[in-house]
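Geometric and topological summary
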Amino acid sequence: MIRLFVPEKLKSGATIALGADQAHYLHGVMRRGVGDQVLLFNGADGEWRAGIAAIDRRSASLALQAQTRPQTTGPDLEMIVAVVKRPRLETIVEKAAELGARRVRLAVTRFTQGDRVRLERLGAIAAEASEQTGRLDVPEITAPEKLDAILDAWAGRTLIFCDEGGDASPMLEALNAAARGEGTGFSILIGPEGGFAPEERARLRSLPHVIPVSLGPRILRADTAAIAALALWQSRLGDWSP
Ligand code: SAM
């Protein structure tokens, strides 16, 4: 069944008005009409079945019928990614949503050369990916912050630093060691096209909460590295692990 993310509160008896984009998607693209059902979620109230009460090209109204799933949240995993060129950044946001990241933080590093960030578009990409996966929340995408400021304000989480330098432990080995320690939230850090500056690597490697990891002997593009690291984390510590 079609799933839509909506910002409104979802509760018994509520009517939800869709904007033009979602109405066009339901009516013009998916050919749904009055009486058809869809699933709605908002990241807080679980998933609900709703019937289409009225629809045209520009608007639709949906009547909530029953909750189909209570709200749950995935593992405490965030991705911190240096701003890279727009198509790759959009891929990273989409794949992070599919692979269960709770949040994507955008970082500005010494060698960041990305395009202007369009947060609204990235949010829409994250919402669409979440609709497709069946998850009940949409990852938050945060505005670009300097990497140094992120590290200055660091508190409590373990930071998996994807270090292309070649001398870090293989990521799986590092995750096996982390699995034996105390539970914390995890963040995965991916650098820009130009990699990390020597002083950034040195700072990251000096911090006690940072685990530098290698993703193998080949230098990967940032989007490939993000997907590989998220998949490894989910398999060893996340909701893919038995
Ligand atoms: N231009 C850099 C170089 O040649 O060293 C490559 C940067 S790479 C395109 C972008 C980011 O992906 C890196 O900063 C790192 O976070 C991650 N990455 C790529 N390959 C990696 C690897 N083999 N191990 C760990 N991280 C990797």
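All of these numbers come straight from a predicted model, not from anything done at the bench.

Before going further, it helps to examine the overall build of the protein chain. Scanning the protein chain from N- to C-terminus turns up seven helices and 12 strands. Counting only C-alpha atoms, the protein chain reaches 60 × 40 × 30 Å along its principal axes. For the protein chain, the accessible area works out to roughly 11,900 Å², and carbon and sulfur atoms hold 50% of it. Within the protein chain, one finds 30 positive and 30 negative side-chain charges whose respective centroids are separated by 3 Å.

Attention now moves to the nonpolar core. In this structure, Met79, Ile188 and Ile190 are the most contacted members of the largest nonpolar core, which totals 33 residues. Every element with two or more residues in this core is listed here: strand 6 (77-82), helix 2 (86-98), strand 7 (103-108), helix 3 (119-133), strand 9 (158-162), helix 5 (171-179), strand 11 (186-190) and helix 7 (222-236). Broken down by element, the residue count for this core peaks at six residues, all from helix 7. The residues contacting Met79, other than those within four sequence positions of it, are Ile92, Arg103, Val104, Arg105, Ile188, Ile190, Ala226 and Leu230. Of all hydrophobic cores here, the second largest spans 18 residues; its members include Ile2, Ala23, Val38 and Ala60.

For the pair helix 5 and helix 7, interaxial distance at closest approach is 10 Å and the crossing angle is 35 degrees. Considering only the axes of helix 5 and helix 7, their crossing is right-handed. Residue-level contacts link Met171, Leu172, Leu175, Asn176 and Ala179 of helix 5 to Ala229, Leu232, Trp233 and Arg236 of helix 7. Broken down by class, the residue content of the contact of helix 5 with helix 7 amounts to seven nonpolar, one polar and one charged.

A separate point is the sheet that holds strand 1 (residues 3-5). Taken in spatial order, the five strands of this open sheet run 1-3-4-5-2, and their pairing is mixed. In this open sheet, the two edge strands, each paired with only one partner strand, are strand 1 and strand 2 (15-18). On average, each strand axis in the sheet is tilted by 40 degrees relative to the strand beside it, whichever way the strands run. Two strands pair when backbone bridges link them, and strand 1 and strand 3 (residues 37-41) are joined in this way by three bridges, in the parallel orientation. Bridge assignment links Arg3 to a residue of strand 3, and that residue is Leu39.

Working definition: an aromatic ring pair is given by the centre-to-centre distance plus the angle between the planes. On inspection of all chains with the given rule, the structure shows three aromatic pairs. On the numbers, 5.2 Å between centres and 85 degrees between planes, the contact of Phe161 with Phe196 is edge-to-face. A residue pair is termed long-range when its members are at least 10 positions apart, and Phe161 in strand 9 and Phe196 in the loop between strand 11 and helix 6 (198-206) qualify at 35 residues. The two residues Phe161 and Phe196 agree in class, both being buried. For the cation-ring pair, Arg3 lies above Phe41, with the distance from its terminal atom to the ring centre recorded as 4.3 Å.

Before going further, it helps to spend a moment on the side chain of Glu200. Structurally, the position occupied by Glu200 is in helix 6. A polar contact is formed between the side chain of Glu200 and the backbone nitrogen of Ala197, at a distance of 2.9 Å. Aside from chain neighbours lying at most four places away, what touches Glu200 is Thr109, Arg110 and Leu147.

Criteria and cut-off values
- Residues numbered from 1 in each chain as written.
- Predicted model: local features only at pLDDT ≥ 70, side-chain atom pairs only at ≥ 80, totals over all residues.
- Heavy atoms only, no water.
- Helix = DSSP H or I, 4+ residues; strand = E, 2+ residues; numbered from the N terminus.
- Areas by Shrake-Rupley, 256 points an atom, 1.4 Å probe, with all protein chains shown as cover.
- Lys, Arg positive; Asp, Glu negative; His and termini not counted.
- Charge placed at Lys NZ, Arg CZ, Asp CG, Glu CD.
- Core = buried A, V, L, I, M, F, W, Y, C linked by side-chain atoms within 4.5 Å.
- Buried < 20%, exposed > 50% of the residue type's maximum accessible area, 1.4 Å probe, protein only.
- Contact = heavy atoms within 4.5 Å.
- Axes fitted to C-alpha atoms, helices over the stretch in contact; angles between N-to-C directions.
- Left-handed = near helix turned anticlockwise from the far one by under 90°.
- Nonpolar A, V, L, I, M, F, W, Y, C, P; charged D, E, K, R; others polar.
- Pairing = 2+ DSSP bridges.
- Phe/Tyr/Trp six-rings, centres within 6.5 Å; stacked < 30°, edge-to-face > 60°.
- Lys NZ or Arg CZ within 6 Å of the ring centre and 35° of its normal.
- Polar contact = N/O pair within 3.5 Å; in protein donor to acceptor, adjacent residues only side chain to side chain.

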